[in-house]
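# Fold and contact review
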Amino acid sequence: METLQSIDQFEELKKQDKVIFMFSADWCPDCRAIEPALPDLEKENSDFIFYYVDRDEFIDLCSELNVFGIPSFIVYHKGNEIGRFVSKDRKTKEEVQLFINNCKKDL
């Protein structure tokens, strides 16, 4: 999973086809819990591009997007937000896959 480098990059990436931003932080135990499943999620959803967004580095972006809990996932397609799985709760691979499947229906 690539790491977001700048706000400008975020603005450009969200205009592309099928982009998933995962908001996370190194210190977050629930974020660490989902990490082992991320390579499989990326592989099983290869039609999406995944980006890691460090919550601490991009705190203003998180505030702007109302991402107050992590890990959280937001999907964009051609500049439009298609879906968000934003909460402070721990997420399982199955829950994230169900979220992605639901987003696919809206494309």
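## Considerations on the nonpolar core
Membership of the largest hydrophobic core comes to 19 residues, with the highest contact counts inside it found for L4, F21, F23 and L65. Of all the elements in the fold, those that place two or more residues in this core are α1 (7-13), β2 (19-24), β3 (49-54), α4 (59-64) and β4 (72-77). When residues of this core are assigned to their parent elements, the largest contribution, three residues, is made by β2. Other than its neighbours up to four places away in sequence, L4 contacts Q9, F10, L13, F21, Y51, Y52, V53, F58 and L61. Residues M22, I34, A37 and F99 belong to the second largest nonpolar core, which totals 15 residues.

## Concerning the state of the cysteines
Taken as a whole and assessed by the stated rule, the structure comprises one disulfide. There is a disulfide in this structure between C28 and C31, and the S-S distance comes to 2.5 Å. Around the S-S axis, the bridge from C28 to C31 shows a dihedral of about 80° and counts as right-handed. Not engaged in a disulfide, the cysteine C62 finds its nearest cysteine sulfur in C31; these two sulfurs lie 10 Å apart. Using a relative accessible area of 1% as the deciding quantity, one classes C62 as buried.

## Focus on the pairing of β2
Within β2, six of the six residues are buried, which leaves it mostly tucked inside the rest of the structure. The side-chain alternation of β2 yields two buried faces, one formed by V19, F21 and F23 and the other by I20, M22 and S24. Note that β2 and β3 share six bridges and pair parallel. When the bridges of β3 are listed, F21 appears paired with Y51.

## Quick word on the pattern of salt bridges
Tallied over the entire structure, the rule returns ten salt bridges. One salt bridge connects D30 with R90, and the closest N-O pair in it is separated by 2.8 Å. Here R90 lies in the loop between β5 (80-85) and α5 (93-105) and D30 lies in helix α2 (residues 29-34), a separation of 60 residues in the sequence. Ionic pairing is found between E35 and R32, a salt bridge with its closest N-O pair at 2.3 Å. Residue class for E35 comes out partly exposed when judged on its relative accessible area of 34%. With relative accessibility at 25%, the residue R32 sits in the partly exposed group. Via salt bridges that share partners, K18, D47 and K104 belong to a single interconnected network.

## Looking at the side chain of Q97
Mapped onto the fold, Q97 is located in helix α5. The class for Q97 is buried, based on a relative accessible area of 14%. Every residue in contact with Q97, bar those within four places of it in the chain, is listed here: L41, E44 and N45.

Cut-offs and rules
Residues numbered from 1 in each chain as written. Predicted model: local features only at pLDDT ≥ 70, side-chain atom pairs only at ≥ 80, totals over all residues. Heavy atoms only, no water. Core = buried A, V, L, I, M, F, W, Y, C linked by side-chain atoms within 4.5 Å. Buried < 20%, exposed > 50% of the residue type's maximum accessible area, 1.4 Å probe, protein only. Helix = DSSP H or I, 4+ residues; strand = E, 2+ residues; numbered from the N terminus. Contact = heavy atoms within 4.5 Å. Disulfide = S-S within 2.5 Å. Pairing = 2+ DSSP bridges. Salt bridge = Lys/Arg side-chain N within 4 Å of Asp/Glu carboxyl O.

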